Amino acid sequence: MADPTNEADLDWLEYDEGGARFRRKRLAAHAGGERLGCSLYELPSGERAWPYHYHTANEEAMYVLEGSGRVRGPDGESAVTAGDYLAFPASEEGGHHVANDSGGPLRYLVLSTMVEPDVTVYPDSGKFGVYAGAPPGSSDERTVSGYYRLEDDVDYWEGETGESRTGPGAPSEDGEDGEDGPDG
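In this report, we go over the structure that sits alongside the text. (Residues numbered from 1 in each chain as written. Predicted model: local features only at pLDDT ≥ 70, side-chain atom pairs only at ≥ 80, totals over all residues. Heavy atoms only, no water.)

Let us look at the sheet that holds strand 3 (residues 36–43). One open sheet holds the six strands; their spatial order is 1-2-3-10-5-8, and the pairing between them is antiparallel. Of all the strands in the sheet, just strand 1 (13–17) and strand 8 (85–88) have a single pairing partner and so form its edges. Here the strands of the sheet are splayed against their neighbours by 25° on average, with no regard to which way each runs. Relative to strand 10 (residues 106–113), strand 3 runs antiparallel, the two being bridged by eight bridges. Bridge pairing links serine 39 to valine 110 in strand 10. (Pairing = 2+ DSSP bridges. Helix = DSSP H or I, 4+ residues; strand = E, 2+ residues; numbered from the N terminus. Axes fitted to C-alpha atoms, helices over the stretch in contact; angles between N-to-C directions.)

In structure tokens, the structure reads:
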């Protein structure tokens, strides 16, 4: 068993981008967690955390420690206060967004499985993120990572060049289809 991690011994990581402003302490990472993540969040009054999203591979949960706020889910918004626990399944049903509409800070834990690869979908902006090599929330180096627009669907073969296709049905040098089989 590892030594306990006390949140008071960890520095806050500050996030302030894209309209989200909050502080976070990565408890599980500091304690050596590999397959289960846990972070302490502090959301100042009037602020919000990550944009509305859901994961396709990772389940998340939220436990409110102090303060109050609102959580938007696929069926609307719910008020949350200290002692509330919410589960966010790895699907559209797990979509969530946390906002602090109270006069004081909102402190909560977020727990998550740490499965990779994962796709995180952001329905409001029509984007998705892809993570391979390290799951979302990890500081490990990823082999593949990026954000894309949902409407950027392309044909599987689009942009592929230099492919050598031989055999039945392959185009001939003059652009005509080749033999359909051994009998021509």
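Turning our attention to the pattern of salt bridges. The final tally for this structure, using the stated rule, is eight salt bridges. Measuring nitrogen to oxygen at the nearest pair gives 3.1 Å for the salt bridge that ties arginine 107 to glutamate 42. Of the two residues, arginine 107 sits in strand 10 while glutamate 42 sits in strand 3, which places them 65 residues apart along the sequence. Look at arginine 107 and you get buried, because its relative accessible area is 16%. Ionic contacts of the salt-bridge type, sharing partners, join the residues Glu7, Glu14, Arg23, Lys25, Glu42 and Arg107 into one network. (Salt bridge = Lys/Arg side-chain N within 4 Å of Asp/Glu carboxyl O. Buried < 20%, exposed > 50% of the residue type's maximum accessible area, 1.4 Å probe, protein only.)

Of the two faces of strand 8, the one holding Leu86 and Phe88 is buried and the one holding Tyr85 and Ala87 is not buried anywhere. As paired strands, strand 5 (residues 60–66) and strand 8 are joined by four bridges and run antiparallel to one another. Within strand 8, the position partnered with alanine 61 by the bridge is alanine 87.

What follows covers the packing of aromatic side chains. The final tally for this structure, using the stated rule, is eight aromatic pairs. Relative to phenylalanine 22, the ring of tyrosine 15 has its centre 4.7 Å away and its plane inclined at 15°; by these criteria the two rings are stacked. In terms of burial, tyrosine 15 and phenylalanine 22 fall into one category: buried. With centroids separated by 5.4 Å and ring planes inclined at 70°, the aromatic side chains of tyrosine 15 and tryptophan 50 adopt a geometry described as edge-to-face. Of this pair, tyrosine 15 sits in strand 1 while tryptophan 50 is found in the loop between strand 3 and strand 4 (54–55), placing the two residues 35 residues apart along the sequence. Note on tryptophan 50: relative accessible area 35%, which makes it partly exposed. Joined through ring pairs, the aromatic side chains of Tyr15, Phe22, Tyr41, Trp50 and Tyr108 make up one cluster. If you follow arginine 72 out to its NZ or CZ, it ends over the ring of tyrosine 52, 3.9 Å from the centre. (Phe/Tyr/Trp six-rings, centres within 6.5 Å; stacked < 30°, edge-to-face > 60°. Lys NZ or Arg CZ within 6 Å of the ring centre and 35° of its normal.)

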